[in-house]
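# Remarks on the overall topology
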Amino acid sequence: MPRWRIPLRAPVALAAAGLLLSGCANPSVGSADDDPAKPVTLKFWHGWSAPGEVKAINDSIARFEKLHPNIRVESTENVTDATINQALRAGGDKAPDVVTSFTTNNVGQYCDSGMWADLDPFMRKSGLDKAKVFPKTLLDYTSYDGNQCALPLLADAYGMYYNKDAFKEAGISRPPRTMSEFEADAKKLTKRAGSSYKRVGFMPNFRLYQNSPDRLFAQWGPTYFDAKGDSRLAKDPATYKFFDTAHKLVEAQGGYNALERFRTSFGDEMSTQNAFMSGKLAMHLDGEWRGLMMNEAKVGFDWGVAPLPVPDDQAETYGRGYLTGTVAGIAHSSKHQNAAWELVKFLTADTDQVVSFANAIHNVPSTFAALKSPKLDADPTFRTFLDIAQNKYSQVMPPSTNGGMYVTSLQDFSYSVEAGKVHDLKKGLRELDRQIDADTLQSKS
Amino acid sequence: MALTLSNPARRRLRTLGFLSPWLIGFSVFFAYPLIATVYFSFMHYNQIQKPDFVGLRNWKYVFEQMPLFGPALWNTLWLVVVMVALRVVFGLSLGLLITKIKTGAGFFRTAFYLPYLAPPVAATVAFVFLLNPSTGPVNEVLAHLGITGPNWFNDAAWAKPSLVMLSLWGIGDLMVIFMAALLDVPREQYEAAELDGAGAWSKFRYVTWPSITPIVMFAVVTGVVQTMQYYTQALVAGKIASGVSIGPGSVIQPGYPDHSTLTVPQLVYSMGFQNFNTGAACVLSLVLFAIAMAVTMLLMRKRSGLLAAED
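Residues numbered from 1 in each chain as written. Chains lettered and ligands numbered in written order. Predicted model: local features only at pLDDT ≥ 70, side-chain atom pairs only at ≥ 80, totals over all residues. Heavy atoms only, no water.

## A short note on the overall build of chain A
Which entries qualify depends on this criterion: Strands here are runs of E lasting at least two residues and helices are runs of H or I lasting at least four, both read from the DSSP assignment and numbered beginning at the N terminus. To get the radius of gyration, use the C-alpha atoms; to get the globule rule, take the number of residues to the power 0.38 and multiply by 2.2 Å. Buried, partly exposed and exposed residues are distinguished by accessible area as a fraction of the type maximum, computed with a 1.4 Å probe on protein chains only: under 20%, between the cut-offs, and over 50%, respectively. Only heavy atoms matter for contacts: two residues are in contact if any of them lie within 4.5 Å across the pair. To be clear on the numbers: accessible area is Shrake-Rupley with a 1.4 Å probe, and residue cover counts the displayed protein chains and nothing else. Counting rule applied: Lys, Arg positive; Asp, Glu negative; His and chain ends not counted. Working definition for charges: the position is that of NZ of Lys, CZ of Arg, CG of Asp or CD of Glu.
Across its full length, chain A holds 19 helices and nine strands. At 24 Å, chain A has a C-alpha radius of gyration in line with the 22 Å of a compact globule built from 445 residues. When the 445 residues of chain A are sorted by exposure, 58% land in the buried category. Counting contacts in chain A only where the partners sit at least 6 residues apart, residues at least 24 apart contribute 74% of the total. With the model as given, the accessible surface of chain A reaches about 18100 Å², and the carbon-plus-sulfur share is 53%. Seen as two clouds, the 51 positive and the 52 negative side-chain charges of chain A have centres 3 Å apart.

Here it is in structure tokens:
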């Protein structure tokens, strides 16, 4: 044997072994062959972590176990999407059967990758007509390309919280309804303190808490993708108007750098040091859950809620807002998918359960029946968000094969715009469209 | 039938037997992951469905269509050059100073070593708090001195230097290694140099430096390899400084502000585990591996040259 062949043996063997092993790297695939009437223990992973929220979901599980004595639910709280993704990729006995996500942005990715099981066969088996149970907008954000791999488990609607005392002090009688009123009120409500601020009317900077650009952008009703699925941000006049308004809001209140410096002094969003709750902001974009936190914290000022303002030329759409929500699904690797469906069905479609849970954690119910239920919390601040959720102009983000990657790209671009680093908006948006399309293409098989 | 082996074959088997722990470790923890990474770099694979062969698509995507690749590579190389160089210089200077101190050396040794013991996440959180542009004590002290402090981790121009400052704060590990090397330099060589009329610089140049060169090279090579994998501190600093709320549904976008702290390992994580894009993540890993290998080989050759020169 020629000597040169000898050193090749080991690498070649290793390469062959590596490729063989790589070919076997797919995680386990579950099945829906189980009998849901047989005793089983389901693993349920969710993201709720506040004591009140955890109690609410545990109460829901207790109600489910009472209705299904053969199914025991092992619940794990405060789990992030990243942890769930890792567990589902790995599969195995420790992986969850029923999963939830606090963001709808990733649903497209979960459906397209097969990570979450398609729920349509389960709905057909149990005679659940999804179109009659869930509003279409919510069904849209829980499916991708015809694959309904998730169902809405309460929704979130975004509106505006405002400090009534600050409004009175500034002589403003009602919350703004148009963007020009918004800009004028924000300016009036802003109080400087030397080179910094005592209070900002509305903090427009996109990195503040829930202020990600897509949320405010929803007030313009943009269309993110054309019929072919290509990004069309540069073609949509709404995009330019949105950035123009955001810029005007920044300039009216002292400029980006001053606002950004003030923002870095804010406390944690979910604590009582939240900038709106501590009086540093007079108007604030946030979700319906904030009202419960405001009540629990007994903030030292009178506050109210209203829909976010709309562009002056779209006054008829006032009442609209951005919608998202928690979604629930079945892990592709679950070996108890029929039993898991019983839990998903109970959590998402059982009217009493949905209403009780919505009241307990102050989230918007996600079924027609629950939205109409007389048992639903009558708190007027909460009702404002229910109206936003049901407004025909309210908007959800379209699902994408790579999840929220296009939202991230839009966010990155928006950070540059607000910092004054984009000098040619049209050119920048065209480049952004190209990038989103390239990312989408790369994610497709 | 008893198996009879010739003497050379028996010797080879015995050698392989002794080598087997290393061979198994090498195969499982190095060769297999490397081969799998090369394999997946040509595949479309989301870690759930079966991989599909896509040729050079992932490579083209990384090099031609991924706008964050350039900034991430630049940041990583910037950190490798600046952070490693400053850490070596600072660690060596501290070691030299403390070995020269007659009284209180123990106190200074402890004081400079202690920050190294702080867990990286806790140390980073504390550092971001200290350097908060609005409420941090550092800028408050600077304001008292009439100086307007920078925005530190909130300014793209200052974010990387702030990370370097953080790494210099935890210099204790290198300082201890350098102190051991410095205390190992034979005293008589210094005495001989003094008799020849050498000053402090000449003593360092002709006595200390040749003796500690292998340790310096060790510090540089390990520093380069560690910094190529820089991840946690940059991610935590960006996350805390940005003030963006992190909840179970939120996805952490590394690189705040303006991708100035984005490193290649962070991009690998984002691609592979947030965007389910294993192919592109593997390409990035291979690029990083190639650079790390090239730099390490260059340094090792340099080291052999230095050692040969010493001889």
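## Some details on the side chain of N338(A)
Within the secondary structure, N338(A) sits in helix α14 (residues 337-349). When near neighbours in sequence (up to four residues on either side) are disregarded, N338(A) contacts A32(A), D33(A), D34(A), P36(A), F122(A) and K125(A).

## Here we look at the state of the cysteines
Think of a disulfide as a covalent bridge from one cysteine sulfur atom to another cysteine sulfur atom. Residues and elements named next belong to chain A. To keep things clear, this is the line we draw: Whenever a pair of cysteine sulfur atoms sits within 2.5 Å, that pair is classed as a disulfide.
Inspection of the entire model under this criterion finds one disulfide over all chains. Sulfur-sulfur distance for the disulfide between C111 and C149 comes to 2.1 Å. Disulfide C111-C149: the torsion about the S-S bond is -80°, which places it as left-handed. Here C149 lies in the loop between α7 (136-140) and β4 (151-163) and C111 lies in helix α4 (residues 107-113), a separation of 38 residues in the sequence. Among the residues examined, C111 registers a relative accessible area of 4% and is labelled buried. Taking relative accessible area as the criterion, C149 reaches 0% and is therefore assigned buried.

## With respect to the environment of G92(A)
Residues and elements named next belong to chain A. Tracing the backbone through its elements, the reader meets G92 in the loop between α3 (81-90) and β3 (98-101). For G92, a relative accessible area of 44% puts it in the partly exposed group. Along the primary structure G92 and G30 are separated by 62 residues, whereas in three dimensions their C-alpha atoms are 9.6 Å apart.

## Looking at the pattern of salt bridges
Spelled out, the test is: We define a salt bridge as a side-chain nitrogen of Lys or Arg found within 4 Å of a carboxyl oxygen belonging to Asp or Glu.
In total, this model carries 21 salt bridges over all chains according to the counting rule given. Close ionic contact of E260(A) with R263(A) constitutes a salt bridge, the shortest N to O distance being 2.7 Å. Residue E260(A) and its partner R263(A) are both found in helix α12 (residues 256-263); the two are separated by three residues, about one turn of the helix. On the accessibility criterion, R263(A) (5% relative accessible area) is buried. Here K203(B) makes a salt bridge to E194(B), at a shortest N to O gap of 2.8 Å. Salt bridges sharing partners connect three or more residues here, namely E169(A), K191(A) and R199(A).

## A closer look at the nonpolar core
Generally speaking, soluble globular proteins have nonpolar side chains that are buried together. As a reminder, the rule being used: Remark: nonpolar core denotes a set of buried residues (Ala, Val, Leu, Ile, Met, Phe, Trp, Tyr, Cys) joined through side-chain atoms within 4.5 Å.
Counting 89 residues, the largest nonpolar core has W116(A) and W341(A) as the members making the most contacts within it. Take this core: its biggest share by element is eight residues, from α14(A). In terms of nonpolar packing, the next biggest core, distinct from the first, is built from 65 residues, L79(B), V88(B), Y256(B) and L284(B) among them.

## Notes on the pairing of β3(A)
As a general feature of sheets, a regular strand has side chains that alternate between the two faces. Residues and elements named next belong to chain A. Stated formally: DSSP-based pairing: two strands are paired if at least 2 bridges between them are found.
Burial along β3 is two-sided: the residues V98 and T100 and V99 and S101 are all buried. Note that strand β1 (residues 40-45) and β3 share two bridges and pair parallel. Residue pairing across strands places W45 opposite V99, the latter belonging to β3. As paired elements, β3 and strand β9 (residues 323-330) share four bridges and run antiparallel to each other. Across the sheet, S101 pairs through a bridge with V327, a residue of β9.

## Notes on the interface of chain A and chain B
Note the following rule: The buried area of a pairing is the accessible area, by a 1.4 Å probe, that goes missing from both parts when the two are put together, added over both.
Facing the 51 residues of chain A at the interface are 51 residues of chain B. The contact between chain A and chain B buries some 4100 Å² in all, and 51% of this surface belongs to carbon and sulfur atoms. It is R89(A), R261(A) and Q442(A) in chain A that bury the most area against chain B; as a group they hold 18% of the surface buried on that side. Linking chain A with chain B are one salt bridge. The residue D258(B) makes a salt bridge to K421(A) at a minimum N-O spacing of 2.1 Å.

## Overview of the packing of aromatic side chains
Inclusion rule: Aromatic contacts are taken between Phe, Tyr and Trp rings whose centres are within 6.5 Å, Trp giving its six-membered ring; a plane angle under 30 degrees counts as stacked, one over 60 as edge-to-face, and the others as tilted. Charge-over-ring placement is defined geometrically: NZ (Lys) or CZ (Arg) within 6 Å of the ring centre, and within 35 degrees of the ring normal.
Taken as a whole and assessed by the stated rule, the structure comprises 40 aromatic pairs over all chains. Between F204(B) and W209(B), the ring centres sit 6.2 Å apart and the planes meet at 45°, which makes this aromatic pair tilted. By relative accessible area, which is 18% here, F204(B) ends up buried. On the basis of relative accessible area, W209(B) is assigned to the partly exposed category, the value being 30%. Over the ring of Y197(A) we find R192(A), and its NZ or CZ is 4.3 Å from the ring centre. In this structure, K160(B) packs its charged tip against the face of W78(B), placed 5.6 Å from the ring centre.

## Comments concerning the pairing of strand β8 (residues 303-306) of chain A
Residue and element names in this part refer to chain A. Neither face of β8 is open: one carries W303 and V305, the other G304 and A306, and all of them are buried. Pairing between β4 and β8: four bridges, direction antiparallel. Across the sheet, the residue bridging to Y162 is G304, located in β8.

## So, the layout of surface pockets
Residue and element names in this part refer to chain B. The condition that has to hold: Think of a 1 Å grid over the protein atoms and nothing else: a 1.4 Å probe that fits but is trapped marks a cavity, an open set flanked by protein within 12 Å on at least five of seven lines marks a pocket, and residues with an atom within 4 Å of a point count as lining. Grid points are joined across faces, edges and corners, and a volume is the space filled by probe spheres set on the points. Each residue is assigned to one class: nonpolar for Ala, Val, Leu, Ile, Met, Phe, Trp, Tyr, Cys and Pro, charged for Asp, Glu, Lys and Arg, and polar for all the others, Gly among them.
As a volume, the second largest pocket reaches approximately 780 Å³. As for the second largest pocket, its lining consists of 28 residues, and the residues nearest its centre are P33, T37, V268, S285 and L286. At the level of secondary structure, the elements contributing two or more residues to the lining of the second largest pocket comprise α1 (7-40), α10 (200-228), α12 (264-274) and α13 (278-310). The element that contributes the greatest number of residues to the lining of the second largest pocket is α13, accounting for ten residues. Its residues assigned to classes, the lining of the second largest pocket shows 21 nonpolar, seven polar and no charged.

## Some details on the side chain of N163(A)
Residue and element names in this part refer to chain A. How we decide: Pairs of N or O atoms are called polar contacts if they sit within 3.5 Å, as long as, within protein, a hydrogen donor faces a hydrogen acceptor (for residues adjacent in sequence, only side-chain-to-side-chain pairs).
Here N163 shows up in strand β4. Under the relative-accessibility criterion, N163 is labelled buried at 5%. For N163, the side chain forms a polar contact with the main-chain nitrogen of D165, separated by 3.0 Å. In contact with N163, other than residues within four places in its own chain, are F276, A282, F301 and D302.

## Some points on helix α2 (residues 51-67) of chain A
Residues spaced three or four apart along an α-helix face the same direction, because each turn holds 3.6 residues. Residue and element names in this part refer to chain A. Keep this limit in mind: To estimate the expected span of a helix, subtract one from its residue number and multiply by 1.5 Å. Picture the helix axis, draw a direction to every C-beta atom, and the arc is the one those directions span.
Here α2 spans 24 Å end to end across 17 residues, near enough to the 24 Å set by a 1.5 Å rise per residue. By the burial criterion, the buried members of α2 are V54, A56, I57, S60, I61 and F64. Buried residues in α2, looked at end-on, bunch into an arc of 160°, giving them a common side. Facing away from the buried side of α2 by over 90 degrees, the exposed positions are P51, K55 and K66.

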